[in-house]
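These are the residues of each chain, in order.
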Amino acid sequence: MDERAVLALLERELEAAGDDAAVVDDLVITTDMLHERTDFPSGTTRYTAGWRAVGASLSDVAAMGATAIAAVAVYAAPELDRDEVLAFVRGAREVCERVGAEYVGGDLDGHDEFTVTTTAFGRTDDPVLRGGARPGDRLCVTGTLGRSAAALELFDRASETDSAADADRLRERANELFRFEPRVDAGLALGAHATAMMDSSDGLARSLHQLSEASDCGFAVDAGDVPIDDALFEVSADDDEALERATTFGEDFELVATVPEDALEAVRAATAVPLSTIGSVRKPGDGITIDGDALEDRGFTHG
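Residues numbered from 1 in each chain as written. Predicted model: local features only at pLDDT ≥ 70, side-chain atom pairs only at ≥ 80, totals over all residues. Heavy atoms only, no water.

- Looking at an unreviewed UniProt entry, one finds the protein chain named Thiamine-monophosphate kinase, with Natrarchaeobius halalkaliphilus as its source organism.
- The Catalytic activity (unreviewed entry) comment attached to the protein chain in UniProt states, word for word, "thiamine phosphate + ATP = thiamine diphosphate + ADP".
- UniProt, in the comment section headed Pathway (unreviewed entry), describes the protein chain in these words: "Cofactor biosynthesis; thiamine diphosphate biosynthesis; thiamine diphosphate from thiamine phosphate: step 1/1." (UniProt positions renumbered as here; feature names shortened; annotations may be inferred.)

### Points about the overall build of the protein chain
And then number 1: Helices and strands together make up the secondary structure of the protein chain, namely 11 helices and 12 strands.
And then number 2: Its C-alpha radius of gyration of 19 Å places the protein chain within 12% of the 19 Å reference for a compact globule of 303 residues.
And then number 3: Seen along its three principal axes, the alpha-carbon backbone of the protein chain occupies a region of about 55 × 50 × 45 Å.
And then number 4: By the burial criterion, 51% of the 303 residues in the protein chain qualify as buried.
And then number 5: Considering only contacts in the protein chain between residues 6 or more positions apart, those separated by 24 or more positions represent 85%.
And then number 6: With an accessible surface of roughly 13,800 Å², the protein chain has 45% of that area assigned to carbon and sulfur atoms.
And then number 7: Between the centroid of the 26 positive side chains of the protein chain and the centroid of its 62 negative side chains there is a distance of 2 Å. (Helix = DSSP H or I, 4+ residues; strand = E, 2+ residues; numbered from the N terminus. Rg over C-alpha atoms; globule rule 2.2 N^0.38 Å. Buried < 20%, exposed > 50% of the residue type's maximum accessible area, 1.4 Å probe, protein only. Contact = heavy atoms within 4.5 Å. Areas by Shrake-Rupley, 256 points an atom, 1.4 Å probe, with all protein chains shown as cover. Lys, Arg positive; Asp, Glu negative; His and termini not counted. Charge placed at Lys NZ, Arg CZ, Asp CG, Glu CD.)

### As for the UniProt feature "binding site: Mg(2+) 5" (unreviewed entry) in the protein chain
And then number 1: The UniProt entry lists Asp 202 under the feature "binding site: Mg(2+) 5" (unreviewed entry), expressed in the numbering used here.
And then number 2: Tracing the chain through its elements places Asp 202 in the loop between strand E7 (196-199) and helix H8 (204-215).
And then number 3: Of the residues examined, Asp 202 reaches a relative accessible area of 15% and is grouped as buried.

### Some words on the pattern of salt bridges
And then number 1: Under the definition given, this model contains 15 salt bridges.
And then number 2: Ionic pairing is found between Arg 183 and Glu 254, a salt bridge with its closest N-O pair at 2.8 Å. Taken as a pair, Arg 183 in the loop between helix H6 (164-178) and helix H7 (184-191) and Glu 254 in the loop between helix H10 (239-248) and strand E9 (255-259) lie far apart in primary sequence, 71 residues in all. Accessibility assignment for this pair places Arg 183 and Glu 254 in one class, buried.
And then number 3: With a shortest N-O distance of 3.0 Å, Glu 244 and Arg 298 are connected by a salt bridge. Here Glu 244 is found in helix H10, whereas its partner Arg 298 is found in the segment after strand E12 (293-294), with 54 residues between them in sequence.
And then number 4: By relative accessible area, Glu 244 is classed as partly exposed at 38%.
And then number 5: According to the relative accessible area criterion, Arg 298 is partly exposed, its value standing at 35%.
And then number 6: One connected set of salt bridges, linked through shared partners, spans Glu 153, Arg 157, Glu 241 and Arg 245. (Salt bridge = Lys/Arg side-chain N within 4 Å of Asp/Glu carboxyl O.)

### A short note on the nonpolar core
And then number 1: Judged by nonpolar contacts, the single largest core of 47 residues is most densely connected at Val 54, Leu 58, Phe 88, Tyr 103, Phe 114, Leu 190 and Val 259.
And then number 2: Among the elements that make up this core, the one with the highest residue count is helix H3 (residues 46-63) (9 residues).
And then number 3: When sequence neighbours within four positions are dropped, the list of residues in contact with Phe 114 reads Leu 34, His 35, Glu 36, Phe 40, Arg 46, Ala 49, Tyr 75, Ala 76, Ala 77, Pro 78 and Phe 88. (Core = buried A, V, L, I, M, F, W, Y, C linked by side-chain atoms within 4.5 Å.)

If you want it as structure tokens, here you go:
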């Protein structure tokens, strides 16, 4: 079974499965596992790995419209190097501080591949689920898409160049792009009005297919309104390639939400994070389109 088939199986078996996080007595709980082979390209610093791994779980908390409380992590590697462990913890602690949460520790283990498992906790008495989108709602995205795709391209270029100085410069920029800010504040602002919400860790296209299935609706996306990060334009051959990467690569951890049109102004006033309106919710039979063409279910797959 592939990852998506397993997830579908678990959603049938577990009542709490199917959203970005589980909610138990107003406590939001989520966990993630990241591996060096699939999630940390060569050149990723341990500081960035700590930030990114914990940030991924905090993003799930944000997607529920919850306040972030705390995070823990399991750190496993072939060798427990002092400087690497401390750098990881510093990254994990600082991303928590960025969203008003606390990094409170975790566990250590030996493993043949650098692997991290993170768990984050939040709190809300009114979570935003994936199943409430309604025809006529506006489709919104926070921030910009494509930072991770651009970072991966820069990591690849760093490994291919013969210049040590160029490699260092490219890796520094790639690590910077890899350290995203979990949209907890934006999630709280959206949570007061959004009818459905999730994060874009699997990519915009796949997120829309997941929201469509959960809400029994369609989506119409306007390509020109998709917020593409400048860094992605810099490493793409043309605008079409940038759009494809921005919509299908994933790993950006922005929020994708549906909001009644009359609430958009209130949401924008409540958050400093840019919020782009990229389309609208349609009837189920209308499908999922971008500029009138079918938007395929493509995105990031673990494993």
